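Each chain, letter by letter, is given below.
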Amino acid sequence: MSRILICLDHLGIRSRSHSSNSVYDLFSPFVLFWEKFMKPLVVLCTVILLLSSAATAQAFQAGGTTQYFPQFAVGAGWGTSITVVNSTTQAELVAVDLFQPDGTTFFHRDLALGPSGSQNILVNQSPELMVGWVRLSSSGLFSASLLYQLLDPDGHVISEAGVLPSDPVQDLKFVATVSSQQNVDTGLAIANPSATNTATIQLQLSDASGTVINTKVTTLPPLQQLTRFLNQDPFFQGIDNYNGVVEVTANQPLIGLAIRVDGPQLAPIPPLTPSTNSGTASGTSNTTIADGSVTTQKLANAAVTADKIAPGSVVKSINSLTDTVLLQGGANVNIRMSGNSLIIDAAGTGDAGPAGPAGPAGLVWQGTWNNATTYAVNDAVAFNGTSYISIQAGAGHQPNTNAAFWTVLAQQGATGAAGATGATGATGAAGPQGPQGPAGAIGATGATGAAGPAGLTWQGIWSNATAYAVNDAVAFNGTSYISIQAGTGHQPDTSAAFWTPLAQQGTTGAAGATGATGATGAAGPQGPAGATGAIGATGSAGATGATGATGPAGLTWQGIWSNATAYAVNDAVAFNGTSYISIQAGTGHQPDTSAAFWTPLAQQGATGAAGATGATGATGAAGPQGPAGATG
């Protein structure tokens, strides 16, 4: 059984300066108290753990297709080493899975083992102390052991201990002590190895006289682990001055371990499983074996022989007879063995007679009568609780009204008389404590959240004379802009410090194809005036004016238009290169065809004009001289 990590749990929590229900909090003081608590206990833990390994060896069975370790520890100086040995002469693939307490996978690796081969893996990559449980599985037989190592900061081994796997069982019993006055406590670690079923667990607390003094019921979801002290929830919170036995039973197999903490001393507590009695006069004991746990793979060849089975203990008979059953041949019966088979055949009879005549045709059951089915003679059906046999082929003839086609096989029986009222049963024993009740009612609605940020305020075509505030939106030269700084006279396309584009004007279309060469045109008019000079520097900003009245509701930019979105008034979208503003709430109204719902903000640019007429091509070279004409 794996006991070292419960040892770690208690070293962490029993520093007497920290207590928590979280399995991670159990380990949090580990590094802080290393110098004070751990170094004096290294030799003690090593001796105890080695004794624990020896004690558990008697329960180990070499070889199996799935093996479990109830706990592992990695990080904060701890490392876990797992050795797997192939017990067969065939190649095997063994899956190694380490699970965290919440059932999530912490580590996985597939080990490919040659015939009778072995491999070792070391898991120590966690920066913080991490606990959980281990599952190894394969389609073939293998053996495994687990080694814990505690390393100093330089990587030198301080102590180590090897443990063997434990089998899942449905009943675990532990001797336990809790005494705050004597500084003694007991911790439990339980894991549910099932990947699909939640385990319902009952913990029963009995005193030294065997009297049950408390019972708790909890659940453990698939692949999860529960690690707590006995006096913590969901075990027996607040219990003190206790000596007795804790029994853990479940509706499906669990793996578990316990450890006693007596001040600075640690002692692993092996489970009292399987439960045993005091023995018999012959020195044997009765052992409870879980259903389905004895398989061909677990029975050595010829290991269970007749002399090892107590009389009346095993049903090994016909018709519930016990012990040895003698088969004897009769006057016309021979019984003989052939290898591992028992052959019973007739004896003393003559030659087989000729075959008898063929019997009458039997009925063919067709189930419930169907109006659309064509039935043949001897077809049998059920109709309104009565069965019928067909005496004439046909379809659509309801059996209970067509005696020419159907004959009753078995009539539905009449309803029987009501039986006499039974006697009142005895009051049943009180059931175990029920599981935790459902969650309470939903709490009251919280306070209204703060108002969201201001939306856009559409101001139409940009005007040089208008004073614009932050979030004002305008259109200029086919592009829409949003104000990011209050001001006046800042042309949107040249004032990036004041305006940011909302929807860009479409790009100029591609040049048209070159036209045919035109006639030489008349002289062109005088060219346009030169470009306007650069705008002078902006003057210093004037004093901030008084806050104006609240403007109209601004735009709310919703991105690309979606047929499935419900849009409100002043929502703005983009569609096929043009931006639109919603003027009426609605859903599924395509902006470019729904003028009652949308107004363009910035239209997509038109296709560019056709290119200028190309220049006249150069004169081609003279052609070759033609052939001489015929002589006149």
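Residues numbered from 1 in each chain as written. Predicted model: local features only at pLDDT ≥ 70, side-chain atom pairs only at ≥ 80, totals over all residues. Heavy atoms only, no water.

**Some thoughts on the overall build of the protein chain**
Spelled out, the test is: For the purposes of this entry, the term helix denotes a DSSP run of H or I that reaches at least four residues, the term strand denotes a run of E that reaches at least two, and both are numbered from the N terminus. Here's how the labels work: a residue is buried when its accessible area is under 20% of the maximum for its type, exposed when over 50%, partly exposed in between, all with a 1.4 Å probe on protein chains only. Whether two residues touch is decided by their heavy atoms; if any such pair falls within 4.5 Å, the residues are in contact.
Looking only at helices and strands, one finds 3 helices and 35 strands in the protein chain. Relative to its 632 residues, the protein chain shows a buried fraction of 32%. A fraction of 56% describes how many contacts in the protein chain between residues 6 or more apart in sequence connect residues 24 or more apart.

**Quick notes on the packing of aromatic side chains**
The line we're drawing: Between rings of Phe, Tyr and Trp, where Trp is taken as its six-membered ring, a pair exists when centres lie within 6.5 Å; planes separated by under 30 degrees are stacked, by over 60 edge-to-face, and by other angles tilted.
One pass over the structure, following the stated rule, counts 9 aromatic pairs. Both rings, one in Phe99 and one in Trp133, keep their centres 4.7 Å apart while their planes meet at 25 degrees; by these two values the pair is stacked. In this pair, Phe99 sits in strand E3 (residues 92-99) while Trp133 sits in strand E6 (residues 130-137), placing the two residues 34 residues apart along the sequence. On the basis of relative accessibility, which here comes to 3%, the residue Phe99 falls in the buried class. When the ring of Trp561 is compared with that of Phe575, the centres are 5.5 Å apart and the planes differ by 90 degrees; the resulting orientation is edge-to-face. Taken together, the residues span a long stretch of sequence, with Trp561 in the loop between strand E30 (556-560) and strand E31 (566-567) and Phe575 in strand E32 (residues 571-575) at a distance of 14 residues. You can call Trp561 buried: its relative accessible area is 12%.

**Describing the confidence of the model for the protein chain**
Applied cut-off: For every residue, the pLDDT score states the predictor's confidence, bounded by 0 at the bottom and 100 at the top.
Mean pLDDT over the protein chain works out to 78, with 77% of the residues at or above the 70 mark. Here residues 1-62 is modelled with pLDDT under 50, and outside its nearest four sequence neighbours on either side it reaches 136 contacts, counting other chains as well. Counting interchain partners and residues more than four positions distant, the pLDDT-below-50 stretch residues 275-288 has 10 contacts.

**Some words on the sheet that holds strand E21 (residues 386-390)**
Which entries qualify depends on this criterion: Two strands are said to pair when DSSP picks up at least two bridges between them. Note on definitions: angles span 0 to 180 degrees between N-to-C directions of axes, and those axes are lines fitted to C-alpha atoms, for helices only across the stretch in contact.
The mixed open sheet is built from 4 strands, whose spatial order is E18-E20-E21-E23. Whereas interior strands pair on both sides, the edge strands pair on one side only; in this sheet they are strand E18 (364-368) and strand E23 (406-410). Here the strands of the sheet are splayed against their neighbours by 30 degrees on average, with no regard to which way each runs. Pairing of E21 with E23 involves 4 bridges; the strand directions are antiparallel.

**Focus: unusual backbone geometry**
Along the chain, Asp233 connects to Pro234 via a cis peptide bond; the corresponding omega equals 10 degrees. Position of Pro234 among the secondary structure elements: in the loop between strand E13 (225-229) and strand E14 (242-262). For Asn378, which is not glycine, the phi torsion reads 80 degrees and is therefore positive. Mapped onto the elements of the fold, Asn378 is located in the loop between strand E19 (374-375) and strand E20 (379-383).

**So, the sheet that holds E6**
Read across the sheet, 4 strands follow the order E1-E6-E3-E4 without closing on themselves; strand pairing throughout is antiparallel. Edge positions in the open sheet fall to strand E1 (66-74) and strand E4 (105-113), since each of these has one partner strand only. Between one strand and the next, the sheet's axes are offset by a mean angle of 20 degrees, whatever the strand orientation. In this structure, E3 lies alongside E4, joined through 8 bridges in antiparallel fashion. Bridge pairing links Ala95 to Asp110 in E4.

**Focus on the nonpolar core**
To keep it simple, the criterion reads: Residues enter a nonpolar core if they are buried and are Ala, Val, Leu, Ile, Met, Phe, Trp, Tyr or Cys, with the set joined through side-chain atoms within 4.5 Å.
The biggest cluster of nonpolar side chains holds 23 residues, and the ones touching the most others in it are Leu188, Ile201, Leu230, Tyr242, Val246 and Val248. Every element with two or more residues in this core is listed here: strand E9 (169-178), strand E10 (184-191), strand E11 (199-207) and E14. Apart from residues no more than four positions distant in its own chain, Ile201 is found in contact with Ile190, Lys216, Val217, Thr218, Leu220, Val248, Thr249, Ala250 and Leu254. Phe69, Ile121, Val134 and Val163 belong to the second largest nonpolar core, which has 20 residues in total.

**Some details on the pairing of E21**
Across the 5 residues of E21, 5 count as buried, placing the element largely inside the fold. Going residue by residue along E21, you find Thr386, Tyr388 and Ser390 tucked away on one face and Ser387 and Ile389 tucked away on the opposite face as well. Sheet topology places E20 next to E21; 4 bridges connect them, and they run antiparallel. Across the sheet, the residue bridging to Ala382 is Ser387, located in E21. Linking E20 to E21, which pair antiparallel, is a turn of 2 residues; within it Asn384 sits at a positive phi near 50 degrees.

**Structural notes on the pairing of strand E26 (residues 472-476)**
By the criterion of burial, E26 is predominantly enclosed, with 5 of the 5 residues buried. Alternating residues of E26 divide into Asp472, Val474 and Phe476 and Ala473 and Ala475, and every residue in both groups is buried. Alignment of strand E24 (residues 457-461) against E26, held across 3 bridges, turns out to be parallel. When the sheet's bridge partners are listed, Trp458 is paired in E26 with Ala473. Pairing geometry for E26 and strand E27 (residues 479-483), over 4 bridges, is antiparallel. Its bridge partner being in E27, Val474 is matched across the sheet by Tyr481. Linking E26 back to E27 in an antiparallel pair, the connection comprises 2 residues, with Asn477 at a positive phi of about 50 degrees.

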